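Given next are the chains, with one letter for each unit.
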Amino acid sequence: MMPGARIAGHGPSLKERLRERMESLGALSVMTGQVFSRAVRPPYDWAGLIFHTESLGVRSLPIALLTATFAGLVISLQFGYFLARFGVQYTVGRVVILTLFRELAPVLTALTVGARIGSGIAAELGSMTVTEQVDAIRALGADPLRKLVVPRVFACLIVMPVLTVFSDVVGLVGGALVVKSQYGISLDQFFQGALDAVLMGDFVSGVIKGAVFGLIIGLVGCFKGLAVEGGTEGVGRATTQTVAITSVTVCLADFFITKITLYF
């Protein structure tokens, strides 16, 4: 048998799977360049951008706020308990605000809201692909990337930082309330300690992460949706792959962005 040959009845070899992944990465990179090149050239689809910003952002606000609330409650409860061992529970506000601003708010928002947004984009574009609506747009002389992809990608780019800021505020308020009820630390003491510890760079780094995560979610969702094959089953695979890919990519991007912005 020749090296790398596929055995009958078995799936593709490791070499073939690796080649497919590299081809997909290359196609995604090409699509990213095409999206930005079309985005900077008029005409601009402001109506589409506003529509997708509303549909992706406003409708995702409840789950983002709910996630941020419980994140603030949990980390305040945990840090308050451990800091109380050393008699410095009054510093819990400093730990909570730094944890929320730099990590938990942008990452949890991307993992929860991003999964909803990315899978929704993949399912919507995938359905249009398998029903040949994308081919019809192309046949009419329109550009599917300009019409379908650019508004969704830039809506994600706008929505995620805004949701991250809301998550910062709601998580901090939830943390302050649980610390007050559990450990008797006043709201003034909590917020004063938090504001004394936080810097503008801590807040900005979280917003930057939200923007990068939004770009990742939009690009991956659009790419997987337009690349659907195999009818409705392919749409289902595309949505699950979008959630998996965006989750892993968000965690990977978080590491590198943290490394870059750690000393800002």
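The rules we used
- Residue numbers run consecutively from 1 along every chain, following the written order of its sequence.
- Where local features are concerned, this predicted model is filtered to residues with pLDDT of at least 70; where side-chain atom pairs are given and counted, the filter is 80 or more; whole-chain, interface and lining totals use all residues.
- As a rule here, side-chain values cover all heavy atoms of the structure and leave hydrogens and water aside.
- A patch consists of residues exposed above 30% relative accessible area that lack any salt bridge, with like charges linked at up to 9 Å and nonpolar side chains (Val, Leu, Ile, Met, Phe, Trp, Tyr) linked at up to 5 Å.
- For the area figures, the Shrake-Rupley method with a 1.4 Å probe applies, and any residue is considered shielded solely by the protein chains shown.
- We define a salt bridge as a contact between a side-chain nitrogen of Lys or Arg and a carboxyl oxygen of Asp or Glu at a distance within 4 Å.
- Secondary structure elements are taken from DSSP: a helix is a run of H or I of four residues or more, a strand is a run of E of two residues or more, and numbering for both begins at the N terminus.
- Accessible area is worked out with a 1.4 Å probe on protein chains only. A residue is then buried under 20% of its type maximum, exposed over 50%, and partly exposed in between.
- A 1.4 Å probe that fits into a set of points on a 1 Å grid over the protein atoms alone but cannot get out defines a cavity; an open set with protein on both sides within 12 Å along at least five of seven lines defines a pocket, and lining residues are those with an atom within 4 Å of a point.
- Grid points are joined across faces, edges and corners, and a volume is the space filled by probe spheres set on the points.
- In the analysis that follows, any N or O atom pair within 3.5 Å is treated as a polar contact, provided that within protein one partner can donate a hydrogen and the other can accept it, and provided that, for residues neighboring in sequence, both atoms belong to side chains.
- Residues grouped as a nonpolar core are buried Ala, Val, Leu, Ile, Met, Phe, Trp, Tyr and Cys residues, joined through side-chain atoms within 4.5 Å.
- In this description, contact between two residues means that some pair of their heavy atoms is separated by no more than 4.5 Å.
- UniProt positions are given in the numbering used here, feature names are shortened, and annotations may be inferred rather than shown by experiment.
- Lines fitted to the C-alpha atoms define the axes, with helices restricted to the stretch that makes contact. Angles between their N-to-C directions range from 0 to 180 degrees.
- Throughout, the term roughly parallel applies to angles under 35 degrees, roughly antiparallel to angles over 145, roughly perpendicular to angles from 65 to 115, and oblique to all others.
- Helix crossings fall into two classes, left-handed where the near helix is turned counterclockwise from the far one by less than a right angle and right-handed where it is turned clockwise.
- Any residue that is not Ala, Val, Leu, Ile, Met, Phe, Trp, Tyr, Cys, Pro, Asp, Glu, Lys or Arg is counted as polar, Gly included; the first ten are nonpolar and the last four charged.
- Only rings of Phe, Tyr and Trp enter the pairing, Trp through its six-membered ring, and a pair is recorded when the two centres are within 6.5 Å. The plane angle decides the type: under 30 degrees is stacked, over 60 is edge-to-face, the rest tilted.
- Residue-level confidence of the predictor is what pLDDT reports, using numbers from 0 through 100.

Draft legend 1. A look at a nonpolar patch on the surface. Side chains of Met200, Val204, Ile208 and Val212 sit close together on the surface and give an oily, nonpolar patch of about 320 Å² of accessible area. You can see isoleucine 208 is positioned in helix H8 (residues 200-226). Isoleucine 208 gets classed as partly exposed once you look at its relative accessible area, which sits at 36%.

Draft legend 2. Structural detail: unusual backbone geometry. Note the cis peptide between proline 42 and proline 43, where omega equals 5 degrees. Within the fold, proline 43 resides in the loop between helix H1 (14-39) and helix H2 (46-57). The backbone of glutamate 132 shows a phi angle near 65 degrees, a positive value even though the residue is not glycine. Mapped onto the elements of the fold, glutamate 132 is located in the loop between helix H4 (92-130) and helix H5 (133-139). Assessed through its relative accessible area of 54%, glutamate 132 is described here as exposed.

Draft legend 3. Representation of the layout of surface pockets in the model. Each pocket or cavity is described by its volume, and for the largest pocket that value is around 630 Å³. Around the largest pocket, the lining comprises 20 residues; the ones closest to its centre are Ser24, Phe223, Lys224, Gln241 and Ile245. Sorting the residues of the lining of the largest pocket by element identifies H1, H8 and helix H9 (231-261) as the ones contributing at least two each. A per-element tally of the lining of the largest pocket places H1 first, with eight residues.

Draft legend 4. Looking closely at the side chain of arginine 102. Its place among the elements puts arginine 102 in helix H4. At 3.4 Å, the side chain of arginine 102 and the backbone oxygen of threonine 261 are in polar contact.

Draft legend 5. Inspection of the nonpolar core at higher detail. Of all hydrophobic cores here, the largest spans 36 residues; its most connected members are Met31, Ile117, Ile121, Val149, Met160, Phe213 and Cys222. Among the secondary structure elements, those contributing two or more residues to this core are H1, H2, H4, H5, helix H6 (144-183), H8 and H9. A total of ten residues in this core trace back to one element, the largest contributor, which is H6. When neighbours within four sequence positions are excluded, cysteine 222 is seen to be in contact with Met31, Ile121, Leu125, Val149, Arg152 and Val153.

Draft legend 6. Broad picture of the UniProt feature "transmembrane region" (unreviewed entry) in the protein. UniProt's feature table lists "transmembrane region" (unreviewed entry) at residues 61-84, 153-179 and 199-223, given in the numbering used throughout. When the span residues 61-84 is considered, its composition is 100% helix and 0% strand, and the gap between its end C-alpha atoms is 34 Å.

Draft legend 7. Layout of the packing of H4 against H9. Two elements in contact, H4 and H9, have axes whose closest approach is 8 Å; the angle formed by their N-to-C orientations is 150 degrees. In terms of their interaxial angle, H4 and H9 are classed as roughly antiparallel. For the crossing formed where H4 meets H9, the hand is right-handed. Residues belonging to the contact of H4 with H9 are distributed by class as follows: twelve nonpolar, ten polar and three charged.

Draft legend 8. The packing of aromatic side chains, seen in detail. Following the criterion strictly, the structure yields six aromatic pairs and no others. Centroid distance phenylalanine 101 to phenylalanine 203: 5.7 Å. Interplanar angle 65 degrees. Geometry classified as edge-to-face. Highlighted residues: phenylalanine 101 in helix H4 and phenylalanine 203 in helix H8, separated in sequence by 102 residues. The exposure class assigned to phenylalanine 101 is buried, which follows from its relative accessible area of 10%. Ring centres of phenylalanine 255 and phenylalanine 256 lie 5.2 Å apart, and the angle between their planes is 80 degrees; this geometry places the pair in the edge-to-face category. A residue is classified by how much of its surface remains accessible, and phenylalanine 255, at 53% relative accessible area, is exposed.

Draft legend 9. Seen up close, the pattern of salt bridges. Tallying each qualifying case throughout the model produces eight salt bridges. In this structure, the salt-bridge partner of arginine 21 is glutamate 20, at a minimum N-O distance of 3.9 Å. Judged by relative accessible area, which is 52%, arginine 21 ranks as exposed. Relative accessible area serves as the criterion here: at 37%, glutamate 20 is assigned to the partly exposed category. Of the charged contacts, one joins arginine 38 and aspartate 143 as a salt bridge, the two residues approaching to 2.3 Å between their closest N and O atoms.

Draft legend 10. Geometry of the confidence of the model for the protein. The predicted model of the protein has a mean per-residue pLDDT of 87, with 95% of residues at 70 or higher. The least confident element of the protein is H1, whose mean pLDDT is 85; the most confident is H8, at 92. The low-confidence segment residues 1-9, where pLDDT is below 50, has six contacts with residues more than four positions distant or belonging to other chains.

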